[in-house]
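Here's the letter readout for the chains.
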Amino acid sequence: DARVTQTPRHKVTEMGQEVTMRCQPILGHNTVFWYRQTMMQGLELLAYFRNRAPLDDSGMPKDRFSAEMPDATLATLKIQPSEPRDSAVYFCASGLNPNQPQHFGDGTRLSIL
Amino acid sequence: SQQGEEDPQALSIQEGENATMNCSYKTSINNLQWYRQNSGRGLVHLILIRSNEREKHSGRLRVTLDTSKKSSSLLITASRAADTASYFCATDEKNDMRFGAGTRLTVKP
């Protein structure tokens, strides 16, 4: 069964440190999404890519967040420097195109102390 | 920003009962999707309904869509304890999907 793989599953680090989260989308999916989920804000779209090109990153604080797709099998989300308010679960999802069903990974649970 | 808004925020029922969750949205859509999320896991796609469809079924799930009222409902019939999860609607806006805040369903055995 094809699935989206996210690493690491859990990350605890101190504020100011760089955090890198990785995602392997399902082979053949050309659309990749990054979401952040918190109790207060729910599920927020941070950025998404189509054919590895960023299409919308308006939901992402660009002073500290960056998202890239170095190749079709890897998407990365970086936070530098990290802050306690970045603590959340970060999900990656992939799909055949932006408004079709998305397949989610199990997330990276990030805690910034 | 969120597009769909689910109602109620939380729902608790007994096993065997039906569960109905509602979703309202603001702008025109091409399709609306429902997802489920178990604790500690990612969302799982359940069903997609297009704007020209009024009702769709999948197993014990029934989804309706009323574009004139900009609303959708998800009905789970004969609920099971394993249906305990959060349920989200998502609508396409600006060519990507935006999720609501979800309904937390608890099915008591």
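The coordinates are above.
Residues numbered from 1 in each chain as written. Chains lettered and ligands numbered in written order. Predicted model: local features only at pLDDT ≥ 70, side-chain atom pairs only at ≥ 80, totals over all residues. Heavy atoms only, no water.

A. Just the sheet that holds strand β7 (residues 65-71) of chain A, in detail. Residues and elements named next belong to chain A. Taking strand neighbours across the sheet as the criterion, the four strands line up as β1-β3-β8-β7 in an open arrangement whose pairing is antiparallel. Each edge of the sheet is formed by a strand with only one pairing partner; in this case those strands are β1 (5-7) and β7. Across the sheet, the mean angle from the axis of one strand to that of its neighbour is 20°, orientation sign disregarded. In this sheet, strand β8 (residues 74-79) lies alongside β7 in antiparallel orientation, the contact comprising five bridges. Residue pairing in the sheet places F65 in a bridge with I79 of β8. (Pairing = 2+ DSSP bridges. Helix = DSSP H or I, 4+ residues; strand = E, 2+ residues; numbered from the N terminus. Axes fitted to C-alpha atoms, helices over the stretch in contact; angles between N-to-C directions.)

B. Quick peek at the sheet that holds strand β7 (residues 61-66) of chain B. All names here are of chain B. Pairing is antiparallel in the open sheet, where five strands are placed in the order β1-β3-β8-β7-β6. A strand with exactly one partner marks an edge of an open sheet, and here the two such strands are β1 (5-7) and β6 (55-58). Geometrically, the sheet is characterised by an average inter-axis angle of 20° between neighbouring strands, direction not taken into account. Of the pairings in the sheet, the one linking β1 to strand β3 (residues 19-24) comprises three bridges and is antiparallel in character. Bridge pairing links E6 to C23 in β3.

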